[in-house]
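# Coordinates in review
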Amino acid sequence: MEIDERILCFGLGVDDPKRIFGTTAGLVERFGPRRVFDMPTSEAAMTGVAIGASLDGARCLMTHQRLDFFLLTLDQIVNNAAKWRYMFGGQAAPVRIVVRLILGRGWGQGPTHSQNLQAWFAHIPGLKVVMPASPADAKGLLLSALFDDNPVLFLEHRWLHQMQGELPEGDHRVPIGKAAVVAEGSDLTIVTMSSMTVETLHALPALQEAGISAEVIDLRSIRPLDLDTVLASVRKTGRLLAVDTASPVCSVASEIVATAACECFDRLEGPPRRLALPDFPVPTSPALTDGFYPRAEQIAVAAAGMLGRTVDVAEIVASRTSPHDVPGDWFKGPF
Amino acid sequence: MTPTVSGQDVPREALLRSMKRLRRLEEAIAERYPEGRMRCPVHLSIGQEAVSAAVGLALHPEDLAVSGHRAHTHYLAKGGSMPRLVAEIYGKQSGCSRGKGGSMHLVDEAAGFKGSTAIVGGTIPVGTGLGLSLATRGSPQVACVFFGDAAVEEGVFFESVNFAAIRRLPVLYLCENNFYSVYSPLRVRQPEGRRIHEMVAGLGLSAAYGDGNDPELVYQMTGDALASIRSGAGPVFLEFTTYRYREHCGPNFDNDLGYRTEAEFLERRSADPVETYEMRLLESGVVTRESLATMDAAIAAEVADAFAFAEASPFPDRSEAFSDLYVGEDGA
Ligand SMILES: Cc1ncc(C[n+]2csc(CCOP(=O)(O)OP(=O)(O)O)c2C)c(N)n1
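Throughout what follows, the structure given in this document is the object of discussion. What you see is a predicted model; the values in this text were computed from it and never measured.

Neighbouring residues of the ligand: 19 residues in total, closest A:Glu43, B:His69, B:Arg70, B:Ala118 and B:Asn178. Nearby residues around the ligand are contributed by chains A and B. At 2.7 Å, a side-chain N or O of B:Arg70 approaches an oxygen atom of the ligand. Here B:Tyr180 contributes a backbone N or O atom positioned 2.9 Å from an oxygen atom of the ligand. Here the ligand loses 94% of its free accessible area of 580 Å² to cover by the protein chains. A class-by-class count of the residues in the shell around the ligand yields ten nonpolar, five polar and four charged.

Written out as C-alpha cells, the structure is:
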C-alpha cells in the first residue's frame, strides 16, 4: 500500500479489533479509513464495487474471513471479473482485484465454514488462483497478486497463520504460476499445496528412514498451474502422488494426475495416485473430523505404498501434542 | 400496524418461563464451554431472549421456522429439543443433526424448525420458499424467518422479500437488530438515520418495529402479524431492537476489545429483559417468590438433564461422516 497509493483494502472486519486473525493489524492506522475500511454484509455487491473501482485505476484487496462467505459473489467474479478483458476484446481497463479467502478447518467449522474450492476457481479462465504454504510465499504471492493486472484469488489456510519462517525484506515477489520444488528426490514426486505442503514435509523424515527419496512440489499457484515443473519431476522419478486439501472429484489433484497421464504416460512406473479429503462435506463433530483430513502419516503411507514399501509412522503420530481438531495447544476456540 | 399491548391474552408466566429457560441454558453453555468438550463455535443469544421467547410462544406449533448462525434460542423456543441441541453442540450421535451440523446447523422437523445455517442471509429465501409451498397448498401455517440486522444488507434479503410481497406469501420476517455484526457497528454498514423497518416497508409489505426487551410487546406484535398473515394479507416484517451481552462467537464478554463502550453495555444491561420482566411479574403478583423458585428449579433440572444426556451420549462412529449425502443411498 506504500508502493501504490491506489491500493484499497476492504472487507468485513478489516479494521475491527481482531483484524482478520491479526493479518490486517496496523493497516488502518497507517493508511487511514479512506483506504482501509469495513463494509456492509454485502459480499456480492462489494465485489462488483471492487471491480468497478479497479476499472477506474484502483487496486482492490478484499478479504473474507471464510472462503464460504465469498460464494455469494460468484456471479461478479465469474461473469464480470474473469471475463472483462476477454469479452471486450482486450480493450477494457484491467480488473485489478485480489480476494483473500481464508480456509477454515477444525473446532467444528463444519460443512459451511471449511470448504476448499480452489478447483472451482481454477476452472474459470480469466482468474488467477494462488495458495501459499510458507510465510515467504504468502508475502511474495500477495505482493505479486496486488501488482498483477488480473483478478487473483488468494487462498490462505487458517492453520498456517501461526507458522514462522524466514521473511525476505522489502518488495519480495514470488511469481504467480511458478511452483516450488521444496524437497528434491528421485523415487517419487509428491505434488501438493497450502497446508498439505506442510503435512508432506512432515512426512519426509519417515520416508527417508524407509529409504525413500521423495521430491516435493508445492504448487503455490493453482492457476496458472506450473505443469512444466510437475512434469519434469515426474519424468525424473516415474511416480506421482498428488495431495489435495479438497475432495478428490474434479480436483486440482485430478488435473495433475490427468496431465501426467496425458503428457508422460511412458515415463510412469506405476499408476499415479490422488490423496484428498473424503468425497463428502466436512462434518462438525470432533468424532467425525478425526481422521477426516489426511495428515503426514497418511501421506507417508501412501507414498511408500506406491513403491511397494512400508513405512514406520509411529514417530509422526507420537509427535502430535494437540488434539486433531486444533492448529495448536494454544487454540481453545471459539473460532 | 400499530402494536396493541392490552396485556389481556398474554401468557405472562409462560413468557417468563421461556425466557428464563433460554437464559439458563445459554449461561450453562457459556460456563462449560472452556472445558473444551463443546468443540464448535457457539453464538449465544444471552440478552436477546425476549424476542425468541415471545415469538416462539406466538407461533403455533404447526408453524415453520428457519434461522441463521445464532439459532439456539429460536430452535428451543419453536419447540426444538433441548437435550438434542446440547448433544449437537457436543458433537454426539444423539444431536439434532447427528453431529454433522454443530451449533450453527440445527434442525427439528417435528417441531417445525426446518433448519438453521451459518451463511448470513442464507435461509431468508428458504423461509420464503416455505411460505410459497404453504400458500400453494392453502395451509393456514406461517413460515417465520429469523435473522439479524446484517442480513438485510445481503441482496438475497431484498430478492426474497420482493417475491414474498408480490405473491403475498405467508411469511413472517423477524429481524433482531442488536446493532452489531461481529464487531462492526451499524454505522459502518447502514446509513445514519435509517430505520430498517421503514426501508423494508418501501418494498411493499407491512413492516413494524418494537422494543425487543419487552416480551409482551413482542408477543402482541407477533400475534397481530401472524393473524394478519393468516388472513391472507401477505408477508410481514418485524424489527425488534435487542442486545447481545457476550462476544459474537464464544462464551466470553468482550467489551475490552473496544468495539463497543462499557458505558453502552452497562446501559443496555440495565434494561435486561429477563430481570425486568421478572420484577414486573412479581410486582403485579402474576408470580410469587415461591412460584419463581419452583420455576427456576424445574429449569435448572431440565438444563442439567440436557447436559447429562449430551455427556452420556456416545460420539457417532467415524463411518457416520460418510452417510446422509444422498437420499436413498445410506447403508449402501
Ligand atoms: C455471507 C456471510 N458473510 C459473513 C459471515 C460472517 N458472519 C457470521 S455471523 C455475522 C454477523 C451477522 O450479524 P447479524 O446478522 O446482525 O446477526 P448477529 O450476529 O448480530 O446476531 C457475520 C458477518 C457469514 N457467516 N456469512
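One pass over the full model with this rule turns up zero disulfides over all chains. We note that A:Cys60 lacks a disulfide partner, and the nearest cysteine sulfur, in A:Cys9, lies 9.7 Å from it. As a non-bridged cysteine, B:Cys249 has B:Cys40 as the owner of its nearest cysteine sulfur, 8.6 Å distant. With a relative accessible area of 2%, B:Cys249 lands in the buried category.

Glancing now at helix 6 (residues 155-167) of chain B. Residues and elements named next belong to chain B. In this model, helix 6 (13 residues) spans 19 Å end to end at C-alpha, consistent with the 18 Å of a helix rising 1.5 Å per residue. For helix 6, every residue scored as buried is listed here: Phe157, Ser160, Val161, Ala164 and Ala165. Along the long axis of helix 6, the arc covered by the buried residues comes to 135 degrees, so they all point the same way. Set apart from the buried face of helix 6 by more than 90 degrees, the exposed residues are Glu159 and Ile166. Those residues of helix 6 hidden inside the fold are in contact with helix 5 (124-136), strand 3 (143-148), strand 4 (171-177), helix 7 (196-201) and strand 8 (236-241). Looking one or two residues beyond helix 6, the residue adopting positive phi is Arg168, at roughly 50 degrees.

It is worth spelling out the packing of helix 1 (residues 12-32) of chain B against helix 10 (residues 273-283) of chain B at this point. All names here are of chain B. Contact geometry of helix 1 with helix 10 gives a least axis separation of 10 Å together with a crossing angle of 150 degrees. By the angle between their axes, helix 1 is roughly antiparallel relative to helix 10. Here helix 1 and helix 10 pass one another in a crossing that is left-handed. Taking contact as the criterion, the partners of Arg12, Glu13, Leu15, Leu16, Met19, Lys20 and Arg23 in helix 1 are, on helix 10, Pro273, Val274, Tyr277, Glu278 and Leu281. Residue classes in the contact of helix 1 with helix 10 are distributed as seven nonpolar, no polar and five charged.

Here we come to the interface of chain A and chain B. Counting from both sides, the interface comprises 40 residues of chain A and, opposite them, 40 residues of chain B. Here chain A meets chain B over a buried area of about 3100 Å², counting both sides, of which 65% is carbon and sulfur. Its largest share of buried area at the contact with chain B, chain A owes to A:Thr41, A:Trp107 and A:Leu288, together 19% of the area lost on that side. Inspection of the chain A/chain B interface yields two salt bridges. Residues A:Asp290 and B:Arg318 are paired through a salt bridge, measuring 3.4 Å at the closest nitrogen-oxygen approach. Considering only residue class, the side of chain A that touches chain B consists of 20 nonpolar, eleven polar and nine charged.

Thresholds applied
Residues numbered from 1 in each chain as written. Chains lettered and ligands numbered in written order. Predicted model: local features only at pLDDT ≥ 70, side-chain atom pairs only at ≥ 80, totals over all residues. Heavy atoms only, no water. Near = heavy atom within 4 Å. Polar contact = N/O pair within 3.5 Å; in protein donor to acceptor, adjacent residues only side chain to side chain. Areas by Shrake-Rupley, 256 points an atom, 1.4 Å probe, with all protein chains shown as cover. Nonpolar A, V, L, I, M, F, W, Y, C, P; charged D, E, K, R; others polar. Disulfide = S-S within 2.5 Å. Buried < 20%, exposed > 50% of the residue type's maximum accessible area, 1.4 Å probe, protein only. Helix = DSSP H or I, 4+ residues; strand = E, 2+ residues; numbered from the N terminus. Expected span 1.5 Å × (residues − 1). Arc of directions from axis to C-beta. Contact = heavy atoms within 4.5 Å. Axes fitted to C-alpha atoms, helices over the stretch in contact; angles between N-to-C directions. Parallel < 35°, antiparallel > 145°, perpendicular 65-115°, else oblique. Left-handed = near helix turned anticlockwise from the far one by under 90°. Buried area = accessible area lost by both parts, 1.4 Å probe. Salt bridge = Lys/Arg side-chain N within 4 Å of Asp/Glu carboxyl O.

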